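# Understanding the architecture of this molecule
The lines below spell out each chain.
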Amino acid sequence: MMTNNLANEAATTFKLQCIRCPKTYPVTEVRYVCDCGGLLDVWHDLEMLRPQISRGLFDGRLSGVPGPRVAPTTNSGVWRYREIILPTTVDNIVSRPEGHTPVYEHPRLSQWVGLKNFYLKHEGENPTGSFKDRGMTVGVTQAKLMGAKAVACASTGNTSASLAAYAALANMAAFIFIPDGKIAAGKLAQALAYGAKTLQIAGDFDDAMKLVRQVCDDTGVYLLNSLNPFRLEGQKSIPLEIIQGFRWQPPDWIVLPAGNLGNTAAFGKALYEAQQLGLINKIPRLAAIQAAGASPFYQSYQLNFAERKSMKANTVATAISIGNPVSYPRAIRALEWTNGVVSSVTDEEIMDAKAMIDGVGIGCEPASAAAVAGTRRLLAEGIIKPHEMVVGILTGNLMKDSANTVDYHTGAWPNAKYPNPPIKVEANLNAVREFIEQKL
Ligand SMILES: *Cc1c(COP(=O)(O)O)cnc(C)c1O
Ligand SMILES: [Zn+2]
């Protein structure tokens, strides 16, 4: 069923490489894990690429004016870096376009966190409202290159929303496996609205994940979970775009929420490659932040990774509510490459940090706030220093998960520090005037 459009392209400059054993496979082969069971990387020939890659090459692509007829090679923040992501020709690319997300700074938030130089890269301002679009544009493009008629994933929400949109764009069928009852309404709405066939599995995320892997092996549907190494290649563009935005001067730290650890893995690989290619002189340290109720990676980190932990996940931050993260070994490598750390924050810390991020007008979904809560905690623990420059990743949009936000502000969240409840006022001018004067 799969055809092969890659044969004459740059397929020789990259391959699938097992991260556990020396085995490699051509990128034209549909496969998600090595014969030995190890995870796969898309491995680029860095030696061959080094003479072609420069800051100037990528800076030159920033000058294009975005518009409806402009190619994704110019107006996507992912395909700008195509040589080190997925070398292919422009006609093959399935793009919204994505990326080019803003970097925010707000004095009130920086002060609350305790840093002078604190920035937030807002990945929730991608086309479907999360960073997953950066991986999905590459994953669905690869699916198209492989001649796939259908794509599938298991998801706590954002992956399915993104897959549904990109599959629709590419005229492919999408099958989405979601855990029963544990998905934010905004994300489910997206998957249904974009036309994906949505299967609600009676179980948790890990059950849905196991099932979708079996189904894809069985039916030849192309699997687009973060197990798929092409998605991670797209997500590499986040740190690249951050650093390019700071004129190639890396921050001291990049802090991100961590669930399945795909992003942690992708960030580490991007930074390693950027240094190998001479794009950066210094590698920023990664801080991966888990929710306390879904913190198997943090628990393993505390044991120096002597043991791979898993747990029944339970946190308000549904996007990182993962008990047995798929990219665990890739993420360990990312920490080694970046001298990284792992921390964990409680749901109370997450929701209070979210209220601060929301309250300065930036806004994010609960999982994203773990990056800010984690930065604050690492600063309090003396791991991040007050003079250091930190970029946090806001992974998802405020509008994705409105139920938890409303709960926080209306009293259903017991320990809310910064609630902003709606006030009941009588329907007459005097009552309203009195209320407003009190507030001014
Ligand atoms: C997917 C997702 C995460 C977790 O990313 P991983 O790569 O699974 O660690 C965090 N926040 C949001 C909003 C997400 O959608
Ligand atoms: Zn192997």
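That block above? That's the structure.
The following refers to the structure shown. The structure displayed is predicted, hence computed values, not measured ones.

A word on the side chain of threonine 101. Inspection of the secondary structure puts threonine 101 in the loop between α3 (72-75) and β4 (103-104). For threonine 101, the residues in contact, after removing those within four places along its chain, are Lys121, His122, Glu123, Glu125, Asn126, Arg134 and Glu241.

With the rule as written, the count across this model stands at 22 salt bridges. Note that aspartate 204 and lysine 312 form a salt bridge whose closest N and O atoms lie 2.9 Å from each other. Taken as a pair, aspartate 204 in the loop between β8 (197-201) and α8 (205-219) and lysine 312 in the loop between α12 (296-302) and α13 (328-338) lie far apart in primary sequence, 108 residues in all. Among the residues examined, aspartate 204 registers a relative accessible area of 13% and is labelled buried. Looking at lysine 312, the relative accessible area reads 67%, which means it is exposed.

On to the sheet that holds strand β1 (residues 14-18). Spatial strand order, β2-β1-β3: three strands in an open sheet with antiparallel pairing. In this open sheet, the two strands that pair with only one neighbour each are β2 (24-25) and β3 (40-44). Of the strand pairs in this sheet, β1 and β2 are connected by two bridges, and their pairing is antiparallel. Within β2, the position partnered with glutamine 17 by the bridge is threonine 24.

Our focus in this paragraph is the packing of helix α5 (residues 132-145) against helix α6 (residues 158-169). In contact at an axis separation of 9 Å, α5 and α6 are set at 45° when each is read in the N-to-C sense. By the angle between their directions, the pair α5 and α6 is classed as oblique. Here the hand of the crossing between α5 and α6 comes out right-handed. The segment α5 lies against α6, with Lys132, Asp133, Met136, Thr137 and Val140 engaging Asn158, Thr159, Ser162, Leu163, Tyr166 and Ala167. Looking at the contact of α5 with α6 residue by residue, the classes come out as five nonpolar, four polar and two charged.

Our focus in this paragraph is the coordination of the zinc ion (ligand 2). Ideal coordination angles are 109.5 degrees for a metal with four donors arranged tetrahedrally and 90 or 180 degrees for a metal with six donors arranged octahedrally. Protein-derived coordination of the zinc ion (ligand 2) comes from Cys18 (SG), Cys21 (SG), Cys34 (SG) and Cys36 (SG), at a distance range of 2.3 to 2.4 Å. One can describe the site at the zinc ion (ligand 2) as tetrahedral: its four donor atoms subtend angles covering 104 to 119° at the metal. Spacing between the donor residues of the zinc ion (ligand 2) along the chain follows C-x2-C-x12-C-x1-C. Note on cysteine 21: relative accessible area 23%, which makes it partly exposed.

Taken together, 15 residues form the shell around ligand 1, and within it Lys132, Asn158, Gly259, Asn263 and Thr395 come nearest. Note that an oxygen atom of ligand 1 is positioned 2.6 Å from one of the side-chain N or O atoms of lysine 132. Measuring from an oxygen atom of ligand 1, one finds a backbone N or O atom of leucine 261 at 2.9 Å. The protein chains hide 95% of the 380 Å² of surface that ligand 1 would expose on its own. Taken together, the residues of the shell around ligand 1 break down into six nonpolar, seven polar and two charged.

Looking now at a nonpolar patch on the surface. Among the surface-exposed residues, Ile423, Val425, Val432, Ile436 and Leu440 lie close enough to one another that they form a single nonpolar patch of about 460 Å² accessible area. Relative to the helices and strands, leucine 440 resides in the segment after α17 (429-439). Judged by relative accessible area, leucine 440 falls into the exposed class, the value being 83%.

A sheet is described by the order of its strands in space; here four strands give the open sequence β8-β7-β6-β9, paired in parallel fashion. A single partner strand is all that each edge strand has here, and the edge strands are β8 and β9 (222-223). Across five bridges, the pairing between strand β6 (residues 150-154) and strand β7 (residues 173-179) is parallel. Bridge assignment links alanine 154 to a residue of β7, and that residue is phenylalanine 177. Of the strands in this sheet, β6 and β7 touch α6, which is tilted by about 170° from β6. Contacting β6, β7, β8 and β9, α8 crosses the sheet at an angle of about 155° to β6.

Looking at the element boundaries, arginine 308 is found in the loop between α12 and α13. Excluding anything up to four places from it in sequence, arginine 308 contacts Ser300, Asn324, Pro325, Val326, Tyr328 and Pro329. Looking at arginine 308, its side chain comes within polar contact range of the main-chain oxygen of proline 325, at 2.7 Å.

Below, the discussion takes up the environment of proline 127. Mapped onto the secondary structure, proline 127 falls in the loop between β5 (117-122) and α5. Assessed through its relative accessible area of 28%, proline 127 is described here as partly exposed. Sequence separation of proline 127 and isoleucine 84 is 43 residues, and the distance between their C-alpha atoms is 23 Å. With sequence-adjacent residues up to four places away left out, proline 127 is seen in contact with Arg96, Pro97, Glu98, Asp133 and Tyr166.

Analysis parameters
- Residues numbered from 1 in each chain as written.
- Chains lettered and ligands numbered in written order.
- Predicted model: local features only at pLDDT ≥ 70, side-chain atom pairs only at ≥ 80, totals over all residues.
- Heavy atoms only, no water.
- Helix = DSSP H or I, 4+ residues; strand = E, 2+ residues; numbered from the N terminus.
- Contact = heavy atoms within 4.5 Å.
- Salt bridge = Lys/Arg side-chain N within 4 Å of Asp/Glu carboxyl O.
- Buried < 20%, exposed > 50% of the residue type's maximum accessible area, 1.4 Å probe, protein only.
- Pairing = 2+ DSSP bridges.
- Axes fitted to C-alpha atoms, helices over the stretch in contact; angles between N-to-C directions.
- Parallel < 35°, antiparallel > 145°, perpendicular 65-115°, else oblique.
- Left-handed = near helix turned anticlockwise from the far one by under 90°.
- Nonpolar A, V, L, I, M, F, W, Y, C, P; charged D, E, K, R; others polar.
- Donors = N, O, S within 2.8 Å, 3.2 Å for Na, K, Ca; no water.
- Tetrahedral: all angles 85-135°; square planar, octahedral: opposite > 155°, others 65-115°.
- Near = heavy atom within 4 Å.
- Polar contact = N/O pair within 3.5 Å; in protein donor to acceptor, adjacent residues only side chain to side chain.
- Areas by Shrake-Rupley, 256 points an atom, 1.4 Å probe, with all protein chains shown as cover.
- Patch = residues over 30% accessible without salt bridge, like charges linked within 9 Å, V, L, I, M, F, W, Y side chains within 5 Å.

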